[in-house]
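# Per-entry structural report
Residue strings, one per chain:
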Amino acid sequence: MSDRNVSTDSFSTEIPVSEPLRVAEDWIDLYGHMNMVRYVGVFDEVGYGLLDRWGLGETYTQETRHGLFVVDVAVNYRREMTAGTMLTLSLRVLEADDKRLLSLMELRRADDGTLAATMEQLSIHVDLTTRRVVPFAEPAVLRLRALAEAHAQTPLPPGHKRRLECRAP
């Protein structure tokens, strides 16, 4: 990863929040609420976009041929979401080591901040040419650890119990 992408002082340590998005009609299932696969889809697509703010998203992958592969997730559904509901997604770093990133995403109603779902996600850093796990560049590790320390100052959502750990299986 180039230093341009991971300088420890060029990124905000704030927990990033997405632009609002609307629950589409085709996301609704037989029960009249957002289908579980759509929750995970939002976590994946919008969360990936938020990684760009830390220099680990699409630009990073295109420039370095490295990226993050998800190896485990733990989803907790809290509230029903219906068609037309506006949502936002936030992403925080829980832990990081030289090859792994453990993050927490929170999906909330945009109007009142009600927590709809959380997803803990454990990812590994991979060289896309060799398809092997490789360490992050040192500036990235320092950045991720600084983010984890800063994000730890914000309490986890009420009732959230961590289910994943940042360690080798």
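Everything below is about the structure shown above.
Residues numbered from 1 in each chain as written. Predicted model: local features only at pLDDT ≥ 70, side-chain atom pairs only at ≥ 80, totals over all residues. Heavy atoms only, no water.

### Section: the overall build of the protein
- Counting its regular elements, the protein contains four helices and six strands.
- Its helices and strands taken in sequence order, the protein reads α-β-α-α-β-β-β-β-β-α from the N to the C terminus.
- In terms of C-alpha radius of gyration, the protein reaches 16 Å, essentially the compact-globule figure of 15 Å for 169 residues.
- Sorting the 169 residues of the protein into buried and exposed places 44% on the buried side.
- Here the analysis covers contacts within the protein between residues at least 6 apart in sequence; of these, 72% occur between residues at least 24 apart.
- Summed over all atoms, the accessible surface of the protein reaches about 9100 Å², with 50% contributed by carbon and sulfur.
- If you average the places of the 20 positive and of the 25 negative side-chain charges in the protein, the two averages end up 4 Å apart. (Helix = DSSP H or I, 4+ residues; strand = E, 2+ residues; numbered from the N terminus. Rg over C-alpha atoms; globule rule 2.2 N^0.38 Å. Buried < 20%, exposed > 50% of the residue type's maximum accessible area, 1.4 Å probe, protein only. Contact = heavy atoms within 4.5 Å. Areas by Shrake-Rupley, 256 points an atom, 1.4 Å probe, with all protein chains shown as cover. Lys, Arg positive; Asp, Glu negative; His and termini not counted. Charge placed at Lys NZ, Arg CZ, Asp CG, Glu CD.)

### A short note on the packing of aromatic side chains
- Tallied over the entire structure, the rule returns one aromatic pair.
- Relative to Y77, the ring of Y39 has its centre 5.1 Å away and its plane inclined at 80°; by these criteria the two rings are edge-to-face. Within this pair, whereas Y39 is found in helix α2 (residues 36-51), its partner Y77 is found in strand β2 (residues 66-77), the two being separated by 38 residues in sequence.
- Taking relative accessible area as the criterion, Y39 reaches 4% and is therefore assigned buried.
- By relative accessible area, Y77 is classed as partly exposed at 37%. (Phe/Tyr/Trp six-rings, centres within 6.5 Å; stacked < 30°, edge-to-face > 60°.)

### Re the side chain of S18
- Examined against the element boundaries, S18 turns out to sit in the loop between α1 (3-6) and β1 (21-22).
- Excluding anything up to four places from it in sequence, S18 contacts V46, L50, R53, T88 and L89.

### What to know about helix α4 (residues 138-151)
- Relative to the 20 Å expected for 14 residues at 1.5 Å per residue, α4 spans 20 Å between its end C-alpha atoms, a close match to the ideal helical length.
- Three or more residues of α4 are buried, namely A140, V141, R143, L144, L147, A148 and H151. End-on view of α4: buried residues confined to an arc of 165°, all on one side of the axis. Exposed and oriented more than 90 degrees from the buried face of α4 are E138 and E149. (Expected span 1.5 Å × (residues − 1). Arc of directions from axis to C-beta.)

### Comments concerning the pairing of strand β3 (residues 86-96)
- With nine of its eleven residues buried, β3 lies for the most part within the structure.
- With two bridges joining them, β1 and β3 adopt antiparallel strand pairing. The residue bridging L21 from the neighbouring strand is L87, located in β3.
- Both β3 and strand β4 (residues 100-109) contribute to a ladder of nine bridges, which runs antiparallel. Considered in β4, the bridge of L89 is made with L107.
- Remark: three residues form the turn of the hairpin made by β3 and β4, two consecutive strands paired antiparallel. (Pairing = 2+ DSSP bridges.)

### Observations regarding the nonpolar core
- One finds M34, Y39, F43, L107 and L144 to be the most contacted residues of the largest nonpolar core, which totals 31 residues.
- Look past the residues within four positions of L107 in its chain and what remains in contact with it is M34, Y39, V42, F43, L87, T88, L89, T114, L115, A116 and A117.
- Counting seven residues, the second largest nonpolar core, distinct from the first, contains L102, L104, L122 and C166. (Core = buried A, V, L, I, M, F, W, Y, C linked by side-chain atoms within 4.5 Å.)

### Section: unusual backbone geometry
- Positive phi, close to 60°, is recorded for R65, a residue that is not glycine.
- Locating R65 in the fold gives a position in the loop between α3 (58-64) and β2.
- With relative accessibility at 42%, the residue R65 sits in the partly exposed group.
- At R131, a residue that is not glycine, the phi angle is positive and equals roughly 60°.
- Looking at where R131 falls in the secondary structure, it is placed in the loop between β5 (115-127) and β6 (132-133).
- Residue R131 is classed as exposed on the basis of its relative accessible area, which comes to 55%.

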